[in-house]
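Coordinate analysis (summary)
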Amino acid sequence: MAVRRIALPPGYRKQDVLAFHSRDAEGIAEQVTQERLRKAVLLGGTPVLLDVTFGDAEAVCEVASDCALDAAQEAMVDDALLNILGLRIDPDRFLEFARADPVLGPLARRHAGLRIVQSATVFEALTWAVIGQQINLTFAIALRRTFIQQAGRAHSGGLLCYPEAADVARLDVEDLTTRKFSRSKAETLIRLATLVAEGGLSLERTGDVERTSAALLAVKGIGPWTVNYALLRGFGYGDCSLHGDVAVRSALQKLLGTAEKPSIAEAERWLAGYAPHRTMVAAHLWASL
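The paragraphs below set out a description of the structure included in this document. (Residues numbered from 1 in each chain as written. Predicted model: local features only at pLDDT ≥ 70, side-chain atom pairs only at ≥ 80, totals over all residues. Heavy atoms only, no water.)

**Topic: the overall build of the chain**
Helix and strand content of the chain: 14 helices and seven strands. A globule of 289 residues ought to have a C-alpha radius of gyration of about 19 Å, and the chain, at 19 Å, matches this closely. The principal-axis extents of the C-alpha atoms in the chain amount to approximately 55 × 45 × 35 Å. Within the chain, the proportion of its 289 residues that are buried is 51%. By sequence separation, contacts in the chain at least 24 residues apart represent 63% of the contacts at least 6 residues apart. The averaged location of the 34 negative side-chain charges in the chain is 5 Å from the averaged location of its 32 positive side-chain charges. (Helix = DSSP H or I, 4+ residues; strand = E, 2+ residues; numbered from the N terminus. Rg over C-alpha atoms; globule rule 2.2 N^0.38 Å. Buried < 20%, exposed > 50% of the residue type's maximum accessible area, 1.4 Å probe, protein only. Contact = heavy atoms within 4.5 Å. Lys, Arg positive; Asp, Glu negative; His and termini not counted. Charge placed at Lys NZ, Arg CZ, Asp CG, Glu CD.)

**Observations regarding the packing of helix 5 (residues 122–131) against helix 6 (residues 137–151)**
Where helix 5 meets helix 6, the axes come as close as 9 Å, and the angle between the chain directions of the two elements is 130°. In terms of orientation, helix 5 and helix 6 fall into the oblique class. With respect to the hand of their crossing, helix 5 and helix 6 are arranged in right-handed fashion. Contacts between helix 5 and helix 6 pair Glu124, Thr127, Trp128 and Ile131 from the former with Leu137, Ala140, Ile141, Leu143, Arg144 and Phe147 from the latter. (Axes fitted to C-alpha atoms, helices over the stretch in contact; angles between N-to-C directions. Parallel < 35°, antiparallel > 145°, perpendicular 65-115°, else oblique. Left-handed = near helix turned anticlockwise from the far one by under 90°.)

**Comments concerning the sheet that holds strand 1 (residues 2–7)**
Across the sheet, five strands lie side by side as 1-5-4-3-2; this open sheet has antiparallel pairing. The sheet is open, and its two borders are formed by strand 1 and strand 2 (30–32), each paired with just one other strand. Taking the axes of each pair of neighbouring strands and ignoring which way they run, one obtains an average angle of 20° across the sheet. Of the strand pairs in this sheet, strand 2 and strand 3 (residues 36–43) are connected by three bridges, and their pairing is antiparallel. Within strand 3, the residue paired with Glu30 across the bridge is Lys39. (Pairing = 2+ DSSP bridges.)

**A closer look at the environment of Ala72**
The topology assignment puts Ala72 in helix 2 (residues 71–84). For Ala72 and Gly44, which are 28 residues apart along the polypeptide, the C-alpha to C-alpha distance reads 8.1 Å.

**Observations regarding the side chain of Arg38**
For Arg38, the location among the structural elements is in strand 3. Residue Arg38 is classed as buried on the basis of its relative accessible area of 16%. Among the polar contacts made by the side chain of Arg38, one reaches the side chain of Gln31 at a distance of 2.6 Å. Beyond its immediate sequence surroundings of up to four residues, Arg38 is in contact with Ala29, Glu30, Gln31, Leu49, Leu50, Asp51, Gly157 and Leu159. (Polar contact = N/O pair within 3.5 Å; in protein donor to acceptor, adjacent residues only side chain to side chain.)

**Some details on the environment of Gly105**
Note on placement: Gly105 falls in helix 4 (residues 105–110). Taking the C-alpha atoms as reference points, Gly105 and Pro276, 171 residues apart in sequence, are found 16 Å from one another. Beyond its immediate stretch of four places on either side in the chain, Gly105 contacts Ala98 and Arg99.

**Digging into the side chain of Gln133**
As for its placement among the helices and strands, Gln133 is situated in the loop between helix 5 and helix 6. Beyond its immediate stretch of four places on either side in the chain, Gln133 contacts Lys185, Gly221, Ile222, Trp225 and Thr226.

**Description of the nonpolar core**
With 87 residues, the main nonpolar core has Leu50, Phe54 and Leu85 as its most contacted residues. It is helix 5 that contributes the most residues to this core, seven residues altogether. With near-sequence residues (within four places) excluded, Leu85 lies in contact with Ile6, Tyr12, Val17, Val52, Phe54 and Ala59. Grouped together as the second largest cluster of nonpolar side chains are six residues, Ala40, Leu49, Ala64 and Cys161 included. (Core = buried A, V, L, I, M, F, W, Y, C linked by side-chain atoms within 4.5 Å.)

**Overview of the pairing of strand 3**
The buried fraction of strand 3 amounts to seven of the eight residues, a majority that puts the element mostly inside the structure. The antiparallel hairpin formed by strand 2 and strand 3 contains three residues in its connecting segment. Relative to strand 4 (residues 46–54), strand 3 runs antiparallel, the two sharing eight bridges. In the sheet register, Leu37 faces strand 4, and the bridge partner there is Val52.

**As for a positive patch on the surface**
A surface patch of like charges, here positive, comprises Arg99, Arg109, Arg110 and Lys254. Within the element layout of this structure, Arg110 appears in helix 4. A relative accessible area of 56% means that Arg110 is categorised as exposed. (Patch = residues over 30% accessible without salt bridge, like charges linked within 9 Å, V, L, I, M, F, W, Y side chains within 5 Å. Areas by Shrake-Rupley, 256 points an atom, 1.4 Å probe, with all protein chains shown as cover. Salt bridge = Lys/Arg side-chain N within 4 Å of Asp/Glu carboxyl O.)

These values are about where atoms sit, not about what they do.
This is the structure in structure tokens:
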């Protein structure tokens, strides 16, 4: 078992990280306590348990893999830890940007240090975005649990690992539709996984956001909201415009004091004024609710 010690910045809000990973009360793939996060995930085909204990100044992570990890998989572990600990995007840059803003400034100051917590892998973020399309959060969490049960594999420690593309590609559509997935959603998940597993779609972070977005939008069943959510939760892109997100628009209505919820087009125009920090704007708007 390997141990990694990760320095935490001053004012690190571990409660936000723990809250994100405790959404599923049944805890089949993640277990959360007051000071600890345990998450199981498949990395390069190997079941890996990331067991993180939070201290005041550092996070101590025990990495328990069911097989020896090669150099590429070790890099995946480092990447996953950055993601699940919310260390990829620096919130202080946004606070400096928004502090004096007459509309967003008070909200930014109230939630100073708020972080974007990401999924362990880009594939997890992207499939979670597809699962959550046009349904409420409670139902989305239940479907995610089913998805893990159908395609994931167990770690020797007992938790189920979030699946990789190859695991999902082996599913039949009926494996999901018989468990409350719509046919279109099931087909999109398997289509996406097959493309990734066979090399037809790369989920590497290249820095070319326009190219990544275009490649994702070319997949049937994936639209702009799904792409932007995946860019935020998976790729860690700092300027995602979540104007199509219902909660973002509800928060904008509350923040701006308007009688009606802004339209998608109105929300897009308003958010454009906060480029290149629209990812953090979305995070603060969500937190305001």
